[in-house]
Number of protein chains: 2
Amino acid sequence: MLARRFSSNLASHVPALQSLAASDPSSILMSSSETSRYTRCWMDKYGHTDSGSVVLRPSSLMSLKQFLQYSNDHKLPVVTQSGNTSLVGSASPQSTEELVLSLDRFPSDLTLDEEEGVMILDAGATLSDAIDLAQTRGFVFPVDLGAKGSCKIGGNVATNAGGIYFNRFGSMKSNVLGLEVVLPSGEVIDMMRCMLPKDSTGFDLKSLFIGSEGCLGVITKVAMKVHRKPTSSDLCVFNCPDFDAVRTLTHRLQQTLGNITSAVEIMDAGVLNLIETKLEKKIPWNLNSPYYVLVETMGFHPQQDRQALESFFSQSFEDNLVVDGVLTQTQSQQSEIWGVRESCGPAVNSAEQSWKYDLSLELKHWDGFVKSVQETIGDDGRVVLWGHLGDRNIHLNVVSDLPDVNLADKIEPGLYDSVIRAKGSISAEHGVGLAKAKHMPNVVGEAVLNRMRDIKRVFDPNGIMNPGKMIA
Amino acid sequence: MLARRFSSNLASHVPALQSLAASDPSSILMSSSETSRYTRCWMDKYGHTDSGSVVLRPSSLMSLKQFLQYSNDHKLPVVTQSGNTSLVGSASPQSTEELVLSLDRFPSDLTLDEEEGVMILDAGATLSDAIDLAQTRGFVFPVDLGAKGSCKIGGNVATNAGGIYFNRFGSMKSNVLGLEVVLPSGEVIDMMRCMLPKDSTGFDLKSLFIGSEGCLGVITKVAMKVHRKPTSSDLCVFNCPDFDAVRTLTHRLQQTLGNITSAVEIMDAGVLNLIETKLEKKIPWNLNSPYYVLVETMGFHPQQDRQALESFFSQSFEDNLVVDGVLTQTQSQQSEIWGVRESCGPAVNSAEQSWKYDLSLELKHWDGFVKSVQETIGDDGRVVLWGHLGDRNIHLNVVSDLPDVNLADKIEPGLYDSVIRAKGSISAEHGVGLAKAKHMPNVVGEAVLNRMRDIKRVFDPNGIMNPGKMIA
């Protein structure tokens, strides 16, 4: 048996936690060889790997309630962890003092009501499972993102996850029809009593938990709207000569293609260059422009939808909004292009150093903003960007080949201030977590932050849930 | 000057309120000839007409803040009133003790950002003004409902209004991008710092105010998503032989027409009969079925969209889902049919007596449910229904020609219990107000209701905002 050094406070509670786990010994881990993958984030950036940690892994609602209630009664801090795919440290403990409550053994059942178009998911279901079930039954699950194989629905809801279908199917808030949540007191809050789209009976508690990042309670069950699966799917890439052309193209898209647009994504020359050089992946279109806009359409009339995109494609050339482009002819070409889009993140991770910013800004602000960040960093690095253009959410990344330079200190004060002044968001879809908690007073203002703290006290009066995160 | 009898508590505050109104004398009304239209609801069902009432009508944010702050400091109850079109008494005072805070003189400016597709509205703007501005600029405002000429956007948001375009453009929550709210303390909560669709920075306070029915604070400004105006619009009515056919038709619609469907409404033979007999309005289609389903499509490809609806129309006949129907050929035919749909409410109001229920239920429950209500009332009245079939929100109305019978007591206990058991909503889009406050413990459960009360204490610690309403 390994020697364990529990913090003075935690040590005295280990026997009681072990006894709660007696009937299901896998529901508690204490050996550091087993706990380290829970106590450190997947990027190896947040959390710790100290021994003496306790990881709780309930496999039932009852067990989760008991663990939470014990922690609350004894004021033990709890970090809830779903798929451990956070980019901002929201699911990682800051010390061995903090219990990790992992949902990796939690139930993961899914059922689909086809007449009502509603999927009911246990929090432990992976996003992939949800996407696959919907697909098999002729529907589309409204959330899809890179980490789908690992992330779980409880965490997706708790972090208000966005992804590539936000443009088409809307936000998490417009798709979640019901939630079941366990509060620190062990009380189960059932917000699944009506899973129909229209219900006006009281304050919307449900939305408080969407994006609450484990600071209020633990989401244990979700009811989610699913959408009828379109029968057409087309994809093209536009090579744009400058950002003004990108703006005009985006505006025209909204005017012309309207509701068959399913995704509008941008990639710049810099990120494509990284994909080619660092990942050695071939880009299947001509690289001759600073910006590339990927447009996907989906509809229910294959021939007409195709015609609409073709006509938009030609018109964009005639109007000099694009200098080159590709309109896919086959499903495998589509997959190849989506493969490039999905390589953007890994390409940046393969640079010597990188800093990631997940921003929302009005279209008119983007160009000047990117230029000013590039000016700030000078020759020490370069801005590369890609993201959800249609949603105004671009992932601005700074990469550097220099191993020792710290660009964060150079970039961040100015970057966050500019975004806030332009009424943008410093976290469009990745959340606040630990990474951005210190910016919250500037972001939301003291008046709003104080109300958020009041709300936290309503649900978590002892302040045990994810301390130091989000509204610390 | 009329004699006024202020309640002992209110009387002592009248001079101070008058002095706050000194620079804008129209911002306070005290003569009962002037106050009665504010203290009684439009249906003449909720509120009172007693003399000795005080109505505050601020014409600026500053004035509204001062009135609220004074009321809060002195614990004077305040009922906020927007367009006074509530169906559940949420905007009517229960006694002269309660100040009415009317927004009828409040600013009503509207601006539209076409690139971002966002309209910014002062709370005093009428819904009609918003609809018209959007229309003029090539957009659609996502909310449209019968009271649009009178109701105001502040009230629409505060009551989580639904309406005919919910099916197409989604809920109020998925369209509100920002809010400004004044709390009872006079503090302004600015939730318009980021009006972009994606923002994950902290708890979603905004959604708490959507549907809060004046119980938390006063909404003073709204940022709303607007949608590109479709270029095609088609409409048809299907005569369905029974409710099973209605169910199958609805399911097929979702599968086949997908995202060009803009409204799916139902009317039964009973309500059409009332329109013909009470309103003496001609129904422009054959009346030979128990149920009529109105389907409107909107898209961006007039010819193809028309073809899609035509083909769905013929297929429904072939599949014996409909026995008759009409596919409109002209804009004026469309308006005529929508005119019938909009007459449903007035037709019921013209019956000797009527009781209205605004329910959400899964499709599979509707038929049995309607039959059981009809059984309960027997020969004393009859069920008529219409509503937003696509959203599962049907307005079930009971009408009676008997002047003295009270069917409410006969219907309601069973009706509400059945809806709650079937996981439906007893108020899909009309809110709780005074009318349904007593049902809230059964509807949401004590655990949730207690949290709602906690939330109220966060924003309204003195409990002055709309006492006795919603979560009383």
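Residues numbered from 1 in each chain as written. Chains lettered and ligands numbered in written order. Predicted model: local features only at pLDDT ≥ 70, side-chain atom pairs only at ≥ 80, totals over all residues. Heavy atoms only, no water.

Draft legend 1. Region of the structure containing the interface of chain B and chain A. Listed per partner, the contact involves 86 residues of chain B and 86 residues of chain A. A buried area of about 7,000 Å², summed over both sides, lies between chain B and chain A, and 58% of it is on carbon and sulfur atoms. Broken down residue by residue, the surface that chain B buries against chain A is led by E115, K198 and F203 of chain B, which jointly contribute 14%. Taken together, chain B and chain A are joined by 14 salt bridges. Linking chain B with chain A are 32 residue pairs in polar contact (both at pLDDT 80 or more). Counting residues per element, the side of chain B that touches chain A draws most heavily on helix 18 (residues 446–459) of chain B, which supplies 9 residues. Tallied by class, residues from the side of chain B that touches chain A come to 35 nonpolar, 27 polar and 24 charged. (Contact = heavy atoms within 4.5 Å. Buried area = accessible area lost by both parts, 1.4 Å probe. Salt bridge = Lys/Arg side-chain N within 4 Å of Asp/Glu carboxyl O. Polar contact = N/O pair within 3.5 Å; in protein donor to acceptor, adjacent residues only side chain to side chain. Helix = DSSP H or I, 4+ residues; strand = E, 2+ residues; numbered from the N terminus. Nonpolar A, V, L, I, M, F, W, Y, C, P; charged D, E, K, R; others polar.)

Draft legend 2. Molecular detail of the nonpolar core. Counting 191 residues, the largest nonpolar core has F141 and L396 of chain A together with F141 and L396 of chain B as its most contacted members. If we skip the residues at most four places from it in the chain, F141 of chain B touches M119, L121, L127, A130, I131, A134, I153, M224 and V226 of chain B. (Core = buried A, V, L, I, M, F, W, Y, C linked by side-chain atoms within 4.5 Å. Buried < 20%, exposed > 50% of the residue type's maximum accessible area, 1.4 Å probe, protein only.)

Draft legend 3. The arrangement of the environment of E446 of chain B in detail. Residues and elements named next belong to chain B. Mapped onto the elements of the fold, E446 is located in helix 18. By relative accessible area, which is 45% here, E446 ends up partly exposed. A C-alpha to C-alpha distance of 30 Å links E446 and C41, two positions 405 residues apart in sequence. With residues up to four places along the chain from it excluded, the contact list for E446 reads P441 and R453.

Draft legend 4. A look at the pairing of strand 9 (residues 188–191) of chain A. Residues and elements named next belong to chain A. Of the two faces of strand 9, the one holding I189 and M191 is buried and the one holding V188 and D190 is not buried anywhere. As judged from the 4 bridges shared by strand 8 (residues 176–182) and strand 9, these two strands associate in the antiparallel manner. The residue bridging V181 from the neighbouring strand is I189, located in strand 9. Counting the residues in the hairpin turn of strand 8 and strand 9 gives 5 residues, including G186, whose phi is positive at 95°. (Pairing = 2+ DSSP bridges.)

Draft legend 5. Just the sheet that holds strand 18 (residues 393–400) of chain A, in detail. Residues and elements named next belong to chain A. Taken in spatial order, the 7 strands of this open sheet run 15-12-14-13-17-18-16, and their pairing is antiparallel. Among the strands making up the open sheet, the edge pair consists of strand 15 (324–327) and strand 16 (353–360). Mean inter-strand twist for the sheet, computed between neighbouring axes without regard to direction, equals 15°. Strand direction decides the pairing type here: strand 17 (residues 382–388) and strand 18, joined by 7 bridges, are antiparallel. What sits directly across from V384, in strand 18, is N397. Relative to the sheet, helix 10 (residues 243–256) contacts strand 12 (232–240), strand 13 (261–268) and strand 14 (291–299), its axis offset from that of strand 14 by approximately 10°. Strand contacts of helix 13 (residues 331–342): strand 12, strand 13, strand 14, strand 15 and strand 17, with the helix running at about 55° to strand 12, the strand carrying the most contacts. (Axes fitted to C-alpha atoms, helices over the stretch in contact; angles between N-to-C directions.)

Draft legend 6. Up close: the pairing of strand 8 (residues 176–182) of chain B. All names here are of chain B. Of all the 7 residues making up strand 8, 7 are buried; the element is thus mostly covered by neighbouring parts of the structure. Sheet analysis places strand 8 next to strand 10 (residues 218–225), joined by 6 bridges and oriented antiparallel. Within strand 10, the position partnered with V176 by the bridge is M224.

Draft legend 7. A look at the relation of the copies chain B and chain A. Structural alignment of chain B on chain A gives an RMSD of 0.0 Å, achieved by rotating through 180° and translating 0.0 Å along the axis. The superposition operator between the copies reduces to a two-fold rotation axis. Looking at the rotation axis and the C-alpha trace of chain B, the residue lying nearest is S174 of chain B, at 2.6 Å. Looking at chain B, 100% of its interface residues are interface residues in chain A too, so the copies touch through the same face. (Least-squares fit on C-alpha atoms with pLDDT ≥ 70 in both.)

Draft legend 8. Spatial organisation of the packing of aromatic side chains. Residue and element names in this part refer to chain A. Under the definition given, this model contains 18 aromatic pairs over all chains. For the pair F238 and F313, a centre-to-centre distance of 5.4 Å together with 40° between the ring planes defines the contact as tilted. Placement of the pair is F238 in strand 12 and F313 in helix 12 (residues 302–318), with a sequence separation of 75 residues. We note that F238, like F313, is buried. For the ring pair W366 and F369, a centre distance of 6.2 Å and an interplane angle of 85° mean the geometry is edge-to-face. Of this pair, W366 and F369 both sit in helix 15 (residues 363–377), 3 residues apart, which is roughly one turn of that helix. As far as burial versus exposure is concerned, W366 and F369 are alike and both buried. An aromatic cluster is present here, built from F238, F312, F313 and F317 joined pairwise through their rings. (Phe/Tyr/Trp six-rings, centres within 6.5 Å; stacked < 30°, edge-to-face > 60°.)

Draft legend 9. Local environment of the sheet that holds strand 10 (residues 218–225) of chain A. Residues and elements named next belong to chain A. Here we have 5 strands laid out as an open sheet, ordered 5-6-10-8-9, and antiparallel in their pairing. Each having just a single partner strand, strand 5 (110–113) and strand 9 make up the two edges of the open sheet. Ignoring strand direction, the axes of neighbouring strands in this sheet form an average angle of 15°. The sheet strands contacting helix 4 (residues 61–73) are strand 8, strand 9 and strand 10, and the helix crosses strand 8 at an angle near 55°.

Draft legend 10. Looking closely at the domain arrangement of chain A. Residues and elements named next belong to chain A. We note that the domain assignment places domain 1 (8–102), domain 2 (110–228), domain 3 (232–345) and domain 4 (351–430) within chain A. If you average the C-alpha positions of domain 2 and of domain 4, the two centres end up 30 Å apart. At the junction of the two partners, domain 2 supplies 8 residues and domain 4 supplies 4 residues. Taking both partners together, domain 2 and domain 4 bury about 420 Å²; carbon and sulfur atoms supply 38% of that area. Three residues stand out in domain 2 for area buried against domain 4, namely G163, F166 and N167, and they jointly supply 56% of the buried area on that side. The interface formed by domain 2 and domain 4 contains 0 salt bridges. The interface formed by domain 2 and domain 4 includes 2 residue pairs in polar contact (both at pLDDT 80 or more). Here the side of domain 2 that touches domain 4 is built from residues that sort into 3 nonpolar, 5 polar and no charged. (Domains from an automatic or database assignment.)

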